[in-house]
Amino acid sequence: METAEEVQKAVFDSREAAAMVEELRGSYRSGKTRSYEWRVSQLKKLEKITEFHEQEIVEALRSDLSKPETESFVQEIGMLKSACKLAIKNLKSWMKPATAKTSMTTFPSSAEIVSEPLGVVLVISAWNYPFLLSLDPVVGAIAAGNAVVLKPSELAPATSSLLAKLLGEYMDSSSVRVVEGAVAETSALLEQKWDKICYTGNGRVGRIVMASAAKHLTPVLLELGGKCPVVVDFGINLQVASRRIIAGKWGCNNGQACVSPDHIITTKEFASKLVDALKSELDNFYGKNPLQSKDLSRIVNSNHYDRLTKLLDEDKVSGKVIHGGERDKSNLRIAPTILLDVPQDSLIMQEEIFGPLLPIITVDKIEDSFELITSGTKPLAAYLFTNNQKLKDYFVRNVSAGGLLINDTTLHLTVPTLPFGGVGESGMGAYHGKFSFEAFSHKKAVVYRGFFGDAAVRYPPYTKGKLTILKALVGGSLLGIIRALFGWSKA
């Protein structure tokens, strides 16, 4: 016999979605979400979820991904808690209108930029960081004063169920909702008119989201991915570099992260030293039998496992494995795997890997790496390890990516004063910190004028004298305005 919850899920169609959105719009129109008090109260409740339910969250992430507790806390729970604290601390200043300068054309006047909420927004989350990537955008949406619907990923069912339970218990259900489900439920949601949609995931679904949004002229924030390259120069601290590459690759959900290193580019001369350093540190971190390591996440499901093994088993790639490659299909585990000199036309170099496989591409000189990067689509992140200042400067000037990091990987996500977002096929829009608030706000321009100083020159009938004065006003020259007012000609 079906439970009430199962029946509710089964009947969530377009009609149910429309009714829910209308309820949320009614709540938004009442003005309750606009107040500072409501926003702070909801942010504090999100923070309480991280404080009082840490172990439940860890267990859900372990169930969905076998994610190590340290990664669960540092990369999901801790980061969300920090986002809540930052928003609570700074919300008043974020909400405060910003004074803007006015021009001679509107004198006398004053102006300001007012941040106003967009309305009712939809957040569609990803499975790889199912707690953080669900609630981090929600923090921004609530801070900005919106009503919000969260659609967690069905590929992380334990976390999805926990999010529905906790948000149902803690949050104001008149303005914050969770919809669980898969393709049918997501499709029903996408048929509705939203004031913004935030989607985290792959480019294929991102295109579907964007096409649906376009029907209603709804703006989108797309956090996608791409093949994030790591350029490794010679003359560096190889142990530190290797540890940081491993931490960003296998230490981030076993490579199942949108900013994880996808492949390494280094010189033919330096490749063997880099490989030896990576092998040594991998053994130190995960032991001689990494399939048994409790510090590595498993692959999310059998479909992704099969996708990764297909990349690994391609004829032109299978002989390129120089470390790892062990598999355990019954437990959905693949050991950290390094491949050397895979062909550029192989499957593993044509799509985002999103797993524990790390190809190393070699070039004659390190400068050749930049052409490889710029000839492809723009990644969500790009990394460079070097002590060469000229190389750093060239990398920053010429490599287009969502974010860059020199001599480390992935840590730029933790800097709250930096925007996190993609460019080109890696996404559009950005959030984190104040950028989250701005992502879900409209910057409204406001000019204030009194009734004094009404200029007759702007009204008909138009004359040459009025045109001369208007040209001087547009030109912005005080001397030119004085000349026009007194009818003086230029000397």
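Quick note: structure is the one above.
Residues numbered from 1 in each chain as written. Predicted model: local features only at pLDDT ≥ 70, side-chain atom pairs only at ≥ 80, totals over all residues. Heavy atoms only, no water.

Re the overall build of the chain
For clarity, the cut-off: Here a helix means four or more residues in a row that DSSP labels H or I, a strand means two or more in a row labelled E, and each is numbered from the N terminus. The rule is simple: take the accessible area with a 1.4 Å probe, protein chains only, and divide by the maximum for that residue type; under 20% is buried, over 50% is exposed, in between is partly exposed. Contacts are residue-level and defined by heavy atoms, with any inter-residue pair within 4.5 Å sufficient. Computed with the Shrake-Rupley method and a 1.4 Å probe, the accessible areas treat only the protein chains shown as cover for residues. In this count, Lys and Arg are taken as positive residues and Asp and Glu as negative ones, while His and the chain termini are left out. In this description, the location of a charge corresponds to atom NZ of lysine, CZ of arginine, CG of aspartate or CD of glutamate.
Along its length, the chain carries 18 helices and 20 strands. Overall size of the chain, expressed as C-alpha extent along the three principal axes, is 85 × 70 × 40 Å. A total of 491 residues make up the chain; the buried ones form 52% of that total. A separation of at least 24 residues holds for 70% of the contacts in the chain among residues at least 6 apart in sequence. Surface exposure of the chain reaches about 23000 Å², of which carbon and sulfur atoms provide 56%. Side-chain charges of the chain comprise 58 positive and 54 negative groups, with the mean position of each set lying 10 Å from the other.

What about the pattern of salt bridges?
To keep things clear, this is the line we draw: What counts as a salt bridge is simple: a side-chain nitrogen of Lys or Arg found within 4 Å of a carboxyl oxygen of Asp or Glu.
A complete count under the given rule lists 23 salt bridges for this structure. Within the structure, one salt-bridge network assembled from shared partners comprises E56, K165 and E169.

Quick word on helix 17 (residues 464-475)
Put simply, the test is: One less than the number of residues in a helix, times 1.5 Å, gives the span that helix is expected to have. Arc definition: it is the arc formed by the directions from the helix axis to the C-beta atoms.
Between the first and last C-alpha of helix 17 there are 16 Å, a value that for 12 residues agrees with the 16 Å anticipated at 1.5 Å per step. Restricting attention to buried positions, one finds in helix 17 the residues K466, I469, A472 and L473. When helix 17 is viewed along its axis, its buried side chains cluster within an angular range of 125 degrees and face the same direction. Away from its buried face, by an angle of more than 90 degrees, helix 17 presents the exposed residues K464, K471, V474 and G475.

Quick notes on unusual backbone geometry
Cis geometry marks the peptide bond from F107 to P108, where omega comes out at -5 degrees. Its place among the elements puts P108 in the loop between strand 1 (98-100) and strand 2 (110-117). Cis peptide bonds are those with omega within 30 degrees of zero, and the linkage from P460 to P461 qualifies with -5 degrees. By secondary structure assignment, the location of P461 is in the loop between strand 20 (441-448) and helix 17. Backbone geometry places N254, a non-glycine residue, at a positive phi of 55 degrees.

What about the side chain of T409?
This is how the line gets drawn: Identification of polar contacts relies on pairs of N or O atoms within 3.5 Å, with a donor-acceptor requirement for protein atoms, meaning one able to donate a hydrogen and the other able to accept it, and with residues adjacent in sequence counted only if both atoms are side-chain atoms.
Along the chain, T409 turns up in the loop between strand 16 (403-406) and strand 17 (420-421). Taking relative accessible area as the criterion, T409 reaches 1% and is therefore assigned buried. Side-chain polar atoms of T409 contact the backbone oxygen of R244, separated by 2.7 Å. Those residues within four positions of T409 in sequence are excluded, and the remaining contacts are R244, I245, G248, P261, Y383 and F385.

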